Amino acid sequence: MERVLIVGAGLTGSLCAALLRRALPQRPLQLVVWEKARGTGGRMSTSRSPYDPRCTADLGAQYITREPEYAKKHQSFYEELLSHGVLKPLTATIEGMAIKEGVENFVTPQGISSIAKHYLNESDAEILFEHHVTQICLKDGKWEVCNNTGFLDQFDIVILTIPVPQILQLQGDIANIINRSQRQQLESVSYSSRYALGLFYEAGTQIDVPWAAQYISSNPCIRFISIDNKKRNIESPDTGPSVVVHTSVSFGIEHLKWNIEKVQQLILEHLRDIIPIIPEPASVKCQRWRYSQVTKAFLGCPGQITLHTQPFLVCGGDGFIHSNFDGCIESAISIVEASKSSL
């Protein structure tokens, strides 16, 4: 049985797992996913209150936007998620949102990470969390992959869907396999940085604002605020509300190396300037997104590049196209097409 390792349980990685399983339904294929975090989703992650797991907040992507150019091309993906209740149309009021003709927005009632979970469940992949890949070497015609604890395993195919700077940090034979031209193009890929704050409240707490979410243009720190459960239309008297705050990119870059507790306090101060009546939360989580969104993709936006053919090693993700749901679909499709020739 051929073994395929997918590094990263974000949207592109989870789509790759599902699409590989669909493409080769009769093939005895063992799909394994290594994810360095403790949960699924990558930058489409959903956090939970430590006091009530039903109180959740999307600290990464806030909603899914379907552009007209992809409405037909990716129609089956949207219809599948809508039919399973993973996606629902965004109907809540979001102040300051740019309205474009033909654009549709969707929310995820169970949290944004439910998209990646949907695809991973379909794939029947083995998922190992807190597995941070550090080294990839060639050994006996296979890839020997090592994580940060020293754990080793061998695979016939490796698919990397992690941010490009993390690919360049990998040790072992992969460092020599990446040729000079590829390395220069990989090094040219850039990302924005920002912080996200999740505030979790006890059931019965009232947050009296007339909107579900709001884009902010007049604050040096905060760019976006969401009453997250209200945005997703899941208000319940039995579950406390949650608030999500996204900083501006300029704030994220300026404070990227700051102590995260100090950053959290600074964001909270700015939040109180904007919403003076905001209640004291039961708990707070601050997330540093070092690689938030792609600002410059790999030259030509190919969706993936093949680093080695025998055994097969490919890398993809939004760094090879663009940072949204449709970009990840395009990347996953191109990765699977390239991988099929080696299976």
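Calculation notes
Residues numbered from 1 in each chain as written. Predicted model: local features only at pLDDT ≥ 70, side-chain atom pairs only at ≥ 80, totals over all residues. Heavy atoms only, no water. Axes fitted to C-alpha atoms, helices over the stretch in contact; angles between N-to-C directions. Helix = DSSP H or I, 4+ residues; strand = E, 2+ residues; numbered from the N terminus. Parallel < 35°, antiparallel > 145°, perpendicular 65-115°, else oblique. Left-handed = near helix turned anticlockwise from the far one by under 90°. Contact = heavy atoms within 4.5 Å. Nonpolar A, V, L, I, M, F, W, Y, C, P; charged D, E, K, R; others polar. 1 Å grid on protein atoms, 1.4 Å probe; cavity = no way out; pocket = protein on both sides within 12 Å on 5 of 7 lines; lining within 4 Å. Points joined across faces, edges and corners; volume = space filled by probe spheres on them. Phe/Tyr/Trp six-rings, centres within 6.5 Å; stacked < 30°, edge-to-face > 60°. Buried < 20%, exposed > 50% of the residue type's maximum accessible area, 1.4 Å probe, protein only. Salt bridge = Lys/Arg side-chain N within 4 Å of Asp/Glu carboxyl O. Polar contact = N/O pair within 3.5 Å; in protein donor to acceptor, adjacent residues only side chain to side chain.

A.B. asks: When you look at the packing of helix H1 (residues 11-23) against helix H4 (residues 113-123) in this model, what are you seeing that I'm missing?
C.D. replies: When two helices pack together, their arrangement is given by the angle between the helix axes and the distance between those axes. Where H1 contacts H4, the two axes come as close as 8 Å, and the packing angle between them is 30°. What the angle tells us is that H1 and H4 run roughly parallel. For the pair H1 and H4, the sense of crossing is left-handed. Judged by residue contacts, Leu 11, Ser 14, Leu 15, Ala 17, Ala 18, Arg 21 and Arg 22 of H1 engage Ile 115, Ala 116, Tyr 119, Leu 120, Glu 122 and Ser 123 from H4. When grouped by side-chain class, the residues that make up the contact of H1 with H4 number 8 nonpolar, 2 polar and 3 charged.

A.B. asks: Which parts of the structure should I look at to understand the layout of surface pockets?
C.D. replies: Summary: where empty space remains is shown by rolling a probe the size of a single water molecule over the atoms. The computed volume of the second largest pocket comes to approximately 230 Å³. Among the residues making up the lining of the second largest pocket, the classes are represented as 5 nonpolar, 7 polar and 3 charged.

A.B. asks: Is there a simple way to think about the packing of aromatic side chains in this case?
C.D. replies: Where two aromatic rings form a pair, the distance of their centres and the angle of their planes describe that pair. Per the stated rule, a full pass over the model turns up 8 aromatic pairs. Here Tyr 195 and Phe 251 contribute two aromatic rings whose centre-to-centre distance is 6.4 Å and whose plane-to-plane angle is 75°, an arrangement assigned as edge-to-face. With Tyr 195 in strand E15 (residues 194-200) and Phe 251 in helix H9 (residues 249-254), this residue pair connects regions lying 56 residues apart in the sequence. Among the residues examined, Tyr 195 registers a relative accessible area of 0% and is labelled buried. Under the relative-accessibility criterion, Phe 251 is labelled buried at 4%. Aromatic ring contacts, followed pair by pair, group Trp 34, Phe 151 and Phe 155 into a single cluster.

A.B. asks: Please clarify how the pattern of salt bridges should be interpreted in this entry.
C.D. replies: Side-chain pairs of opposite charge can arise where the charged atoms are in close proximity. The final tally for this structure, using the stated rule, is 16 salt bridges. Here Arg 66 ties to Glu 104 by a salt bridge, and the two come within 2.6 Å at their closest N and O atoms. Of this pair, Arg 66 sits in strand E5 (residues 64-66) while Glu 104 sits in strand E8 (residues 104-107), and the two are 38 residues apart along the sequence. For Glu 104, a relative accessible area of 34% gives the class partly exposed. Its salt-bridge partner being Asp 156, residue Lys 142 comes within 2.6 Å of it at the nearest N-O pair. Of this pair, Lys 142 sits in strand E11 (residues 142-147) while Asp 156 is found in the loop between strand E12 (152-155) and strand E13 (157-160), placing the two residues 14 residues apart along the sequence. Here the residues in one salt-bridge network are Asp 58, Asp 228, Lys 231 and Arg 232, joined through shared partners.

A.B. asks: For this particular structure, what's the right way to read the environment of His 118?
C.D. replies: As for its position among the elements, His 118 is in helix H4. Take His 118: its relative accessible area is 15%, and that puts it in the buried class. For the pair formed by His 118 and Pro 279, sequence separation is 161 residues and the distance between their alpha carbons is 34 Å. Those residues in contact with His 118, other than ones at most four positions away along the chain, are Glu 80, Leu 81, His 84 and Val 86. Of note is the side chain of His 118, whose polar atom sits 2.6 Å from the side chain of Glu 80.

By themselves, these figures tell us nothing about what the structure is for.
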